[in-house]
Amino acid sequence: MLTALAFEAAYQTRFHLDLHYEFYLLVPEKALLLGFTVLFYLALGAWWKVYDRLDLGSPRIIVGDALRQCMLGAAGVALFQYSFRLDLSRFFVGLLAVYSFVLFSVFRLGSGKLARLIRREFGARHYVLMVGLDERARRVARSLEAAGSYGVRLVGFLAARPGTPAESEIRLGETYPVHALEELPALLERHVIDEVLFAVTSDQLAELEEVFLLCDEEGVRTRVAVDFFPHVNSTVYLERLGSVPLLTFSATPHDEIRLMLKRAVDVACAAAGLVLLAVPMLVVALLVKLTSPGPAIFRQVRCGLNGRRFVLYKFRSMCANAEELRPLLEPLSHRETAFKLKDDPRLTPLGRWLRKFSIDEWPQLWNVLKGDMSLVGPRPAVPQEVEKYQRWQRRRLRMRPGLTCLWTLAGRDHVDFETWMKLDMQYIDNWSLALDWSILLRTVPRVITGKGAY
């Protein structure tokens, strides 16, 4: 956006200057040149890893990167004109370099404050558990406290060696509890923990491989504040927290740019869907109210990203006391762990039809718009089912739940629980934006025909 703004400002400035010859570009030429300029500037930034150094906050580095990027970017634009025989003004190219340099520098120098503002106003809190009790761990913990304005929250410390910790709490800017190493599985089950950060010596780290494997199986992201790491299967990449190097182990998708694009698609599609389906949803709600006693919308607590609880919305397809009758019917479930009946007696005649064509799930577009869910992702489970998960199955909680996923294409309600879980792991391990679109497009005919649902 800033590159396009700099381009237009340079063009308008040169166009309105009364110089010795008139300068203008035809619309096709201008569009071609603008597209190249934006792509070339972004490519230079990515090639030099300019965006990776923004969090260091050094004005000298930020301004130096912007100057180099804009000077070479303008030189690339000047060379580009010869390939397509464009008659460019050298003054226009110089203005492009100056304007882009000013805009880039101002924006990047203030990007830290902007990121904090966005995190505070729109972002969810990010909970981190620290492993280690020595001064190194406390130093990293202080950096986490300093990042509190970004939404980062330190939840406590974990002893690096088996046995009862010598102290029950650690006082820094705040007071944090200290847990024994053996408590980690229970902590991951009882609390929302987005990351586990290791700040220990290399010999301690070598003894913590089981802890890494535990986090790896559950899909919990781990970071290491040392230059030694055990053998785990997660994707490993280097990041920085201030001046502290962190090796990150992620068993789930971690590309923030692609995840941001996924979220943008969710918001756009969910908003459009709610607008287009507003009248049909009102009709369905009235039919539900008229055909059976009880509310039109069914609300249920589900587990979202990393175990966060949220209220899921559906059109009520069962009798009003369906939840009270569930314990009596659970022995008849044809699935392990996840409760499912082929001929559920609690379904109303209208509800059976709503479920067959997934109309009962239309209100979940509101969950997508709120950020509780995504269009594509593992289906959100009820907390009672999550408690019965095997450890490897809990990794599905590390991806934002969705309206549809691979299990929908494999047969929907006819898929057994074990296959369902494996398909969710397959989706997480192979996730891409293209895969999301493929699943969405292939889901539409299945929903329209009601294939695989009951």
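In the block above lies the structure referred to throughout.
The rules we used
Residues numbered from 1 in each chain as written. Predicted model: local features only at pLDDT ≥ 70, side-chain atom pairs only at ≥ 80, totals over all residues. Heavy atoms only, no water. Helix = DSSP H or I, 4+ residues; strand = E, 2+ residues; numbered from the N terminus. Buried < 20%, exposed > 50% of the residue type's maximum accessible area, 1.4 Å probe, protein only. Contact = heavy atoms within 4.5 Å. Areas by Shrake-Rupley, 256 points an atom, 1.4 Å probe, with all protein chains shown as cover. Salt bridge = Lys/Arg side-chain N within 4 Å of Asp/Glu carboxyl O. Pairing = 2+ DSSP bridges. Expected span 1.5 Å × (residues − 1). Patch = residues over 30% accessible without salt bridge, like charges linked within 9 Å, V, L, I, M, F, W, Y side chains within 5 Å. Phe/Tyr/Trp six-rings, centres within 6.5 Å; stacked < 30°, edge-to-face > 60°. Axes fitted to C-alpha atoms, helices over the stretch in contact; angles between N-to-C directions. Disulfide = S-S within 2.5 Å. Core = buried A, V, L, I, M, F, W, Y, C linked by side-chain atoms within 4.5 Å.

**Student:** Sorry if this is basic, but what is going on with the overall build of the protein here?
**Tutor:** Helix and strand content of the protein: 18 helices and 12 strands. Structurally, the protein occupies a C-alpha span of about 90 × 65 × 35 Å along its principal axes. Among the 454 residues that make up the protein, the fraction classed as buried is 46%. Considering only contacts within the protein whose residues lie at least 6 apart along the sequence, 68% involve residues at least 24 apart. Of the accessible surface of the protein, which amounts to about 23600 Å², a share of 61% is contributed by carbon and sulfur atoms.

**Student:** Would you mind going over the pattern of salt bridges with me for this structure?
**Tutor:** Note on pairing: side chains with opposite charge can pair once their charged atoms come close. Under the criterion given, the structure shown has 19 salt bridges. For R258, the salt bridge goes to D255, with nearest N and O atoms at 3.4 Å. The exposure class of R258 is partly exposed, given its relative accessible area of 31%. Since its relative accessible area comes to 30%, D255 is described here as partly exposed. Counted as one network, the salt bridges with shared partners bring together E195, R221, R223 and E239.

**Student:** What am I meant to see in the pairing of strand β6 (residues 221-224) here?
**Tutor:** Strand residues, when the strand is regular, have side chains that alternate between the two faces of the sheet. Of the two faces of β6, the one lined by R221 and R223 and the one lined by T222 and V224 are each fully buried. Sheet topology places strand β5 (residues 195-198) next to β6; four bridges connect them, and they run parallel. Residue F198 lies in a different strand from β6, and its bridge partner there is V224. Sheet topology note: the β6/strand β8 (residues 244-250) ladder contains three bridges and is antiparallel. Within β8, the position partnered with V224 by the bridge is L247.

**Student:** Is there a simple way to explain helix α3 (residues 59-84) in this structure?
**Tutor:** In an α-helix, one turn spans 3.6 residues; hence positions three or four apart end up facing the same way. Look at α3: 37 Å from first C-alpha to last across 26 residues, which is about the 38 Å you get at 1.5 Å a residue. When we look at burial in α3, the residues that qualify are I62, D65, A66, Q69, C70, G73, A74, G76, V77, F80 and Q81. Where α3 is buried, its residues touch α2 (27-47) and α4 (90-109). R85 lies just past α3 and shows a positive phi near 55 degrees.

**Student:** Would you take a moment to explain a nonpolar patch on the surface for this structure?
**Tutor:** A contiguous nonpolar patch, built from F107, L114, L117, I118 and F122 and spanning about 510 Å² of accessible area, is present on the exposed surface. Mapped onto the elements, I118 comes out in helix α5 (residues 111-122).

**Student:** What exactly am I supposed to notice about the environment of E217 here?
**Tutor:** Here E217 lies in helix α9 (residues 209-218). The class of E217 is partly exposed, set by a relative accessible area of 36%. Residues E217 and L117, spaced 100 residues apart in sequence, show a C-alpha to C-alpha distance of 34 Å. Apart from the residues within four sequence positions on either side, E217 is in contact with R391, W392 and R395.

**Student:** Would you take a moment to explain the packing of aromatic side chains for this structure?
**Tutor:** Two aromatic rings are characterised by how far apart their centres lie and by the angle between their planes. Per the stated rule, a full pass over the model turns up 13 aromatic pairs. Considering the side-chain rings of W407 and W420, the 5.8 Å spacing of their centres and the 45 degrees angle between planes classify their relative orientation as tilted. Of this pair, W407 sits in helix α16 (residues 406-410) while W420 is found in helix α17 (residues 417-429), placing the two residues 13 residues apart along the sequence. Per residue, the accessibility class of W407 equals that of W420, and both read buried.

**Student:** How should I be thinking about the environment of F91 in this particular structure?
**Tutor:** Relative to the assigned elements, F91 resides in helix α4. When the C-alpha atoms of F91 and A10 are compared, they prove to be 8.8 Å apart, with 81 residues separating the residues in sequence. Each residue touching F91, except ones within four places of it in the same chain, is listed here: R14, L17 and L19.

**Student:** Explain the sheet that holds strand β7 (residues 235-241) to me, please; I cannot follow it from the model alone.
**Tutor:** For sheets, the rule is that strands pair by backbone hydrogen bonds, running either parallel or antiparallel. The strand order across the open sheet built from eight strands is β3-β4-β2-β1-β5-β6-β8-β7, with neighbouring strands paired in mixed fashion. Every other strand in the sheet has two partners, leaving β3 (169-171) and β7 as the edge strands with one partner each. The mean angle between the axes of side-by-side strands here comes to 30 degrees, regardless of whether they run parallel or antiparallel.

**Student:** Looking at this model, I keep getting lost on unusual backbone geometry. Mind explaining?
**Tutor:** Comment: phi is negative for the bulk of residues other than glycine, and the bulk of peptide bonds are trans. In this structure, N306 is a non-glycine residue whose phi angle is positive, near 60 degrees. In this fold, N306 is placed in the loop between β9 (297-303) and β10 (309-315). You can call N306 buried: its relative accessible area is 13%. Of note in this structure, S358 is not a glycine but carries a positive phi near 60 degrees. With respect to the helices and strands, S358 occurs in the loop between α13 (349-356) and α14 (364-370).

**Student:** Explanation requested: the side chain of S250 in the structure shown.
**Tutor:** Within the secondary structure, S250 sits in strand β8. Given the relative accessible area of 2%, S250 is considered buried. When residues no more than four places from it in sequence are discounted, the contact partners of S250 are R221, S234, T235 and Y237.

**Student:** How should the state of the cysteines be read in this particular structure?
**Tutor:** Cysteine pairs can be linked by a disulfide, which is a covalent bond between their two sulfur atoms. Within this structure, the stated rule accounts for zero disulfides. You can see C215 has no disulfide; the closest cysteine sulfur is in C303, sitting 19 Å from it. We classify C215 as buried; its relative accessible area is 0%.

**Student:** Whenever I open this one, the nonpolar core confuses me. Can you help?
**Tutor:** Nonpolar side chains tend to gather and get buried jointly when the protein is soluble and globular. Ranked by size, the top nonpolar core spans 29 residues in total, and within it Y427 and I439 carry the most contacts. Breaking this core down by element, the ones donating at least two residues are β10, α14, β11 (374-376), α16, α17 and α18 (433-449). Per element, the largest residue contribution to this core is six residues, and it comes from α17. Leaving out residues up to four positions away in the same chain, I439 has contacts with V376, T404, C405, L406, L409 and Y427. Counting 22 residues, the second largest nonpolar core, distinct from the first, contains L158, I193, V224 and L247.

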